[in-house]
Amino acid sequence: MLSLLFKFGKKKPTLEETVLQIQDGDQQMQNTLIDQYKPFVAKTVSSVCKRYIDERDDEFSIGLIAFNEAIEKYSTEKGSSLLAFAELIIKRKVIDYIRKEARNAQTVNIDLQEHEEGEASQSKIEADLSIEEHQKLIEQEQRREEIIYFQKVLQEFGLSFSELMEQSPKHMDARQNAIKVAQILIEHDDLKRILFTKKQLPVKQLETLVSVSRKTIERNRKYIIAMTIILSGDYVYLKDYIRGVLQS
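Okay, so let's go over this structure. (Residues numbered from 1 in each chain as written. Predicted model: local features only at pLDDT ≥ 70, side-chain atom pairs only at ≥ 80, totals over all residues. Heavy atoms only, no water.)

### Here we look at the packing of helix H10 (residues 189–198) against helix H13 (residues 221–232)
At their nearest, the axes of H10 and H13 sit 12 Å apart, and the two run at 105° to each other. The angle between H10 and H13 places the two elements in the roughly perpendicular class. Across the interface between the two elements, Lys-192, Leu-195 and Phe-196 from H10 touch Ile-225, Thr-228, Ile-229 and Ser-232 from H13. Looking at side-chain class alone, the contact of H10 with H13 contains four nonpolar, two polar and one charged residues. (Axes fitted to C-alpha atoms, helices over the stretch in contact; angles between N-to-C directions. Helix = DSSP H or I, 4+ residues; strand = E, 2+ residues; numbered from the N terminus. Parallel < 35°, antiparallel > 145°, perpendicular 65-115°, else oblique. Contact = heavy atoms within 4.5 Å. Nonpolar A, V, L, I, M, F, W, Y, C, P; charged D, E, K, R; others polar.)

### Describing helix H9 (residues 172–186)
Between its terminal C-alpha atoms H9 stretches 21 Å, which fits the 21 Å expected from 15 residues at 1.5 Å a residue. Among all positions in H9, only Arg-175, Gln-176, Ala-178, Ile-179, Val-181, Ala-182 and Leu-185 are buried. (Expected span 1.5 Å × (residues − 1). Buried < 20%, exposed > 50% of the residue type's maximum accessible area, 1.4 Å probe, protein only.)

### Topic: the nonpolar core
Among the nonpolar cores identified, the biggest contains 61 residues, and Phe-67, Phe-150, Leu-201 and Ile-229 are the most heavily contacted of them. Here this core gets nine residues from one element, more than from any other, and that element is helix H6 (residues 82–117). When sequence neighbours within four positions are dropped, the list of residues in contact with Phe-67 reads Leu-33, Ile-34, Tyr-37, Phe-40, Val-41, Leu-83, Ala-86 and Ile-90. (Core = buried A, V, L, I, M, F, W, Y, C linked by side-chain atoms within 4.5 Å.)

### Some words on helix H14 (residues 236–247)
Here H14 contains twelve residues, and its C-alpha end-to-end distance of 17 Å stays within 8% of the 16 Å for a straight helix at 1.5 Å per residue. Every buried residue belonging to H14 is among Tyr-237, Leu-238, Ile-242 and Val-245, and all of these are buried. One face of H14 carries all of its buried residues, which in axial projection span an arc of 155°. (Arc of directions from axis to C-beta.)

### Points about the environment of Tyr-52
For Tyr-52, the location among the structural elements is in the loop between helix H4 (38–49) and helix H5 (58–73). Take Tyr-52: its relative accessible area is 67%, and that puts it in the exposed class. With ten residues separating them in the primary sequence, Tyr-52 and Ala-42 have C-alpha atoms 8.3 Å apart. Among residues more than four places away in sequence, those in contact with Tyr-52 are Ser-46 and Asp-57.

### Quick look at the packing of aromatic side chains
Enumeration according to the criterion identifies nine aromatic pairs in this entry. With 5.6 Å between their ring centres and 75° between their planes, Phe-150 and Tyr-235 make a pair best called edge-to-face. Here Tyr-235 lies in the loop between H13 and H14 and Phe-150 lies in helix H7 (residues 122–156), a separation of 85 residues in the sequence. Tyr-235 carries the same exposure label as Phe-150, and that label is buried. A connected cluster of aromatic rings, assembled from ring pairs, spans Tyr-74, Phe-85, Tyr-149, Phe-150, Phe-161 and Tyr-235. Above the ring of Tyr-237, the side-chain terminus of Arg-143 is found at 4.8 Å from the ring centroid. Its guanidinium or amino end placed over the ring of Phe-157, Lys-199 lies 4.7 Å from that ring's centre, counting from NZ or CZ. (Phe/Tyr/Trp six-rings, centres within 6.5 Å; stacked < 30°, edge-to-face > 60°. Lys NZ or Arg CZ within 6 Å of the ring centre and 35° of its normal.)

### Remarks on the packing of H4 against H5
Close contact between H4 and H5 brings their axes to 9 Å; oriented N to C, the two are set at 120°. One way to sum up the angle between H4 and H5 is to call them oblique. Two packed elements cross with a definite hand, and for H4 against H5 that hand is right-handed. Contacts from Lys-38, Phe-40, Val-41, Ala-42, Val-45 and Cys-49 of H4 reach H5 at Glu-59, Phe-60, Gly-63, Leu-64 and Phe-67. Its residues assigned to classes, the contact of H4 with H5 shows eight nonpolar, one polar and two charged. (Left-handed = near helix turned anticlockwise from the far one by under 90°.)

### Description of the pattern of salt bridges
Evaluated as defined, the whole model comprises 18 salt bridges. Here Arg-99 and Asp-96 are joined by a salt bridge, their closest N and O atoms 2.9 Å apart. Pair noted here: Arg-99 and Asp-96 are both in helix H6, with a separation of three residues, about one helical turn. On the accessibility criterion, Arg-99 (15% relative accessible area) is buried. You can call Asp-96 partly exposed: its relative accessible area is 31%. (Salt bridge = Lys/Arg side-chain N within 4 Å of Asp/Glu carboxyl O.)

Coordinates in, geometry out; function isn't part of it.
Shown next as structure tokens:
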């Protein structure tokens, strides 16, 4: 009676807490969650394919597998929202599938043309160019989705993509030093935990581990946080950016 009056009882776990429980081995809960979020998967896949998606479609199956992968890979380092992380993984996998199917279709078309004509034709050259153009469009879409997801994670730290661009270190050596600080941070689980749970850079602890001054760390705080997020997450294109900076 008192529990009803004062609404005592266990608080319903968040989606993210449920996922962590699944990762501890609750297979039944995993199956239930996947079934529950089929509409989310279909909607996400549909946004990529630009058409209605039925559960019988191959793209839906790819999306479902990707959602399961997101459940298994999720951690607080991916951001506080499972669905935002899952959306990135689903779109990436579906785009990869579309690219593969388009490439296979073009290859079959080219083989037929060569078989019929006995030699490579102008149509083959055009098809090659078409494949190359299609690949560029696919990569642009993947890069865009990755940046959208990155922006969502940045918001959790009180940062925006625009201010990050404005306040990034101006000199290459300063950017390289900031990235090295981020690399050192992710090598220390206790510091990484502080960053991703408290959403604050552990400046005092970092100061004892790096060669740059506390003032420098403070000045580049936002950039260091952003680089740590990228290095800790599933960012294919943004990690390429980091490699490019370090190799310059």
